[in-house]
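Commentary on secondary and tertiary structure
In case you want the letters, here they are:
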Amino acid sequence: MTVKNTPRALCYTRSMRYLGAVIRPPSEATSLILQVTYGCSNNTCEFCGTYLDKPFAVRPPDAVHEDVVGLPAGAKERVERVFLADGDALALSPRRLHEILDLLHAELPQLERVSSYANAKNLLAKEVDDLRALRARKLDLLYLGLESGDDQTLADINKGMTVAEQIEGCRRAKEAGIRLSVTAILGLAGAARSLEHGRATGEALSAIDPEYIGILTLMLVPGTAMHRKVATGQTVLPDQIGMLRELREIVAHTDVSDCLFRSNHASNYLPLGGHLPEDKGAMLATLDKVLQAPEAVQLRPETWRAL
Ligand code: SF4
């Protein structure tokens, strides 16, 4: 298994058993990572190599139970946050999710919040009341990869979901009181549709109105269809400045009510962030300054970028 741990998380992750590589959002660095499913039930996105070698499966309930109950007593006293892995624990039925959340409540006295990756298909398979019942059991935050607000781009990368489906899935989560952290990826549409992708992504983010927005920049993962398309010239990616132009288009078209916007991920050429709506003007001014004189700014070198 590979889980990147902070010292705090290490103390309670040591006794957990994991199958294959396990990823989590950077903001879950101090959370207990509990694997309740394996892989991703979608697993079609052409840029994503995370679960190429791990078919989707539900982790046997007995194994989940043993891991939670078997945590050392000192660790149980310290866990405040739990992240349900792998790629989309929300693929589980509401009944199974209730069992897991009830188990966590019974075993972890300091539990404050539970979070998970999610996708629109899994949200649309649940009614708002199902999601409300999960929220009542402290499922508080979902991380969703919108990737793009442009249907053509979503089709080209084989996302398997439309923009409208993603907006509706997010609407259900929000109506249930679950907070959303939504990501999109610069470069996914190639140079040809870069600005359309940027504009439509800003518009979709506005429609979703999440609490958190994260913008990443495409990293080509060997073995993925996207890697092959770029290697063979079928897709041409925007250059660094093109990526920043695309980011500007997203920011310019994002109108949200109360959101932390970040594009400071290790994959990005230029770290940028702020609170929207109030920092929108400053973020656009920063991007305009860089776009007007890119030679005056030290962008993150290609070799320093990482997933
Ligand atoms: S990007 Fe997300 S939904 Fe797509 S295959 Fe990877 S984990 Fe699954």
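Residues numbered from 1 in each chain as written. Predicted model: local features only at pLDDT ≥ 70, side-chain atom pairs only at ≥ 80, totals over all residues. Heavy atoms only, no water.

**Quick word on the pairing of strand β4 (residues 81-85)**
To keep things clear, this is the line we draw: Between buried and exposed lies partly exposed: a residue is buried under 20% and exposed over 50% of the maximum accessible area for its type, with that area taken using a 1.4 Å probe on protein chains only. We count a stretch as a helix when DSSP gives it H or I for four or more residues in a row; a strand needs E for two or more, and each element gets its number in order from the N terminus. Only when DSSP finds a minimum of two bridges between them are two strands counted as paired. When the strands point away from the viewer and the connection leading from the first strand across the helix to the second strand turns clockwise, the crossover is called right-handed.
Of all five residues in β4, four are buried; the element is thus mostly enclosed. Relative to β4, strand β1 (residues 32-35) is paired through four bridges, and the arrangement is parallel. Bridge pairing links Leu-34 to Leu-84 in β4. Both β4 and strand β5 (residues 113-118) contribute to a ladder of four bridges, which runs parallel. Within the sheet, the bridge partner assigned to Arg-81 lies in β5 and is Arg-113. Following the chain from β4 across helix α4 (residues 94-107) to the adjacent parallel β5, one finds a crossover that is right-handed.

**A few points about the site of the ligand**
Selection criterion: We call a residue near a molecule or strand whenever a single non-hydrogen atom of that residue lies within 4 Å of it. The rule is simple: put a 1 Å grid over the protein atoms alone, call a set of points where a 1.4 Å probe fits but cannot get out a cavity, call an open set with protein on both sides within 12 Å along at least five of seven lines a pocket, and count a residue as lining if it has an atom within 4 Å of a point. To be counted as sitting in a cavity or pocket, a molecule needs more than half of its atoms within 2 Å of that site's grid points. Residues are sorted three ways: Asp, Glu, Lys and Arg are charged, Ala, Val, Leu, Ile, Met, Phe, Trp, Tyr, Cys and Pro are nonpolar, and all the rest, Gly among them, are polar.
Taken together, Cys-40, Asn-42, Asn-43, Thr-44, Cys-45, Phe-47, Cys-48, Tyr-51, Glu-147 and Lys-159 are the residues near the ligand. Taken atom by atom, the bulk of the ligand overlaps the largest pocket. Considered class by class, the residues forming the shell around the ligand number five nonpolar, three polar and two charged.

**Quick look at the layout of surface pockets**
Regions of empty space are outlined by a rolling probe, equal in size to a water molecule, passed over the atoms. Rules: Grid points are joined across faces, edges and corners, and a volume is the space filled by probe spheres set on the points.
Computed from the structure, the largest pocket encloses a volume of approximately 1600 Å³. Forming the walls of the largest pocket are 50 residues, and the residues nearest its centre are Ile-23, Arg-24, Tyr-117, Leu-216 and His-265. With six residues, the top contributor of residues to the lining of the largest pocket is strand β8 (residues 212-217). In this structure, the second largest pocket occupies an estimated 180 Å³ of space. Lining the second largest pocket are 14 residues, with Asp-156, Leu-188, Ala-189, Gly-190 and Thr-235 sitting closest to its centre. Those elements that place two or more of their residues in the lining of the second largest pocket are α7 (151-156) and α10 (225-231).

**Section: the domain arrangement of the protein**
Just so we agree on the cut-off: Throughout the structure description, domain borders are defined by an automatic or database domain assignment. We call two residues in contact when some of their heavy atoms are within 4.5 Å. Buried surface area refers to the total accessible area, computed with a probe of radius 1.4 Å, that the two partners give up upon joining, counted for both partners together. Between Lys or Arg on one side and Asp or Glu on the other, a salt bridge is scored when a side-chain nitrogen of the former is within 4 Å of a carboxyl oxygen of the latter. Here a polar contact means two N or O atoms within 3.5 Å. Within protein one must be a hydrogen donor candidate and the other an acceptor candidate, and residues neighboring in sequence count only if both atoms are side-chain atoms.
As assigned here, the protein comprises domain 1 (1-118) and domain 2 (145-307). Between the C-alpha centres of domain 1 and domain 2 the distance comes to 27 Å. In this complex, domain 1 contributes 10 residues to the contact, which on the side of domain 2 involves 18 residues. Of the roughly 1000 Å² buried between domain 1 and domain 2 on both sides combined, carbon and sulfur atoms contribute 55%. Taken together, the links from domain 1 to domain 2 amount to one salt bridge. A salt bridge links Lys-229 to Glu-46; the shortest N-O distance between them is 2.7 Å. In this assembly, domain 1 and domain 2 are joined by six residue pairs in polar contact (both at pLDDT 80 or more). Considering only residue class, the side of domain 1 that touches domain 2 consists of five nonpolar, three polar and two charged.

**Observations regarding the side chain of Ser-148**
In this structure, Ser-148 sits in the loop between β6 (139-147) and α7. Only 2.9 Å separates the side chain of Ser-148 from the backbone nitrogen of Asp-150, close enough to count as a polar contact. Engagement of the side chain of Ser-148 in a polar contact is seen with the side chain of His-197, the distance being 2.8 Å. Apart from the residues within four sequence positions on either side, Ser-148 is in contact with Thr-153, Leu-154, Val-163, Gln-166, His-197 and Thr-201.

**Regarding helix α9 (residues 194-208)**
Counting along an α-helix, one turn takes 3.6 residues, and residues three or four places apart therefore face a common direction. For clarity, the threshold we go by: Any helix carries an expected span of 1.5 Å times its number of residues minus one.
Compared with an ideal rise of 1.5 Å per residue, which puts 15 residues at 21 Å, α9 spans 21 Å between its outermost C-alpha atoms and is within 8% of the ideal. Tucked into the core, α9 has its buried residues touching β6, α7, α8 (163-175), β7 (179-186), β8 and α11 (240-252). Where α9 ends, the next residue or the one after it, Asp-209, has phi of about 55°, a positive value.

**Re the environment of Arg-96**
Looking at where Arg-96 falls in the secondary structure, it is placed in helix α4. Linking Arg-96 and Tyr-212, residues 116 residues apart in sequence, is a C-alpha distance of 27 Å. For Arg-96, the residues in contact, after removing those within four places along its chain, are Pro-61 and Val-64. A distance of 2.9 Å separates polar atoms of two side chains, one belonging to Arg-96 and the other to Glu-99.

**Quick word on the nonpolar core**
The cut-off we apply is this: Buried Ala, Val, Leu, Ile, Met, Phe, Trp, Tyr and Cys residues that are joined via side-chain atoms within 4.5 Å together make up what is termed a nonpolar core.
Of all hydrophobic cores here, the largest spans 80 residues; its most connected members are Leu-34, Val-82, Leu-84 and Leu-104. Per-domain counts for this core show at least three residues from each of domain 1 (1-118) and domain 2 (145-307). Discounting residues that sit within four places of it in the chain, Leu-104 has contacts with Leu-34, Val-68, Val-82, Leu-84, Leu-111 and Val-114.

**Some details on the pattern of salt bridges**
In this structure the tally under the stated criterion is 23 salt bridges. In this structure, Lys-76 and Glu-107 form a salt bridge, with 2.7 Å as the shortest nitrogen-oxygen distance. In this pair, Lys-76 sits in helix α3 (residues 73-78) while Glu-107 sits in helix α4, placing the two residues 31 residues apart along the sequence. Taking relative accessible area as the criterion, Glu-107 reaches 21% and is therefore assigned partly exposed. Through salt bridges with shared partners, a single network forms among Asp-129, Arg-132, Glu-168, Arg-171, Arg-172 and Glu-175.

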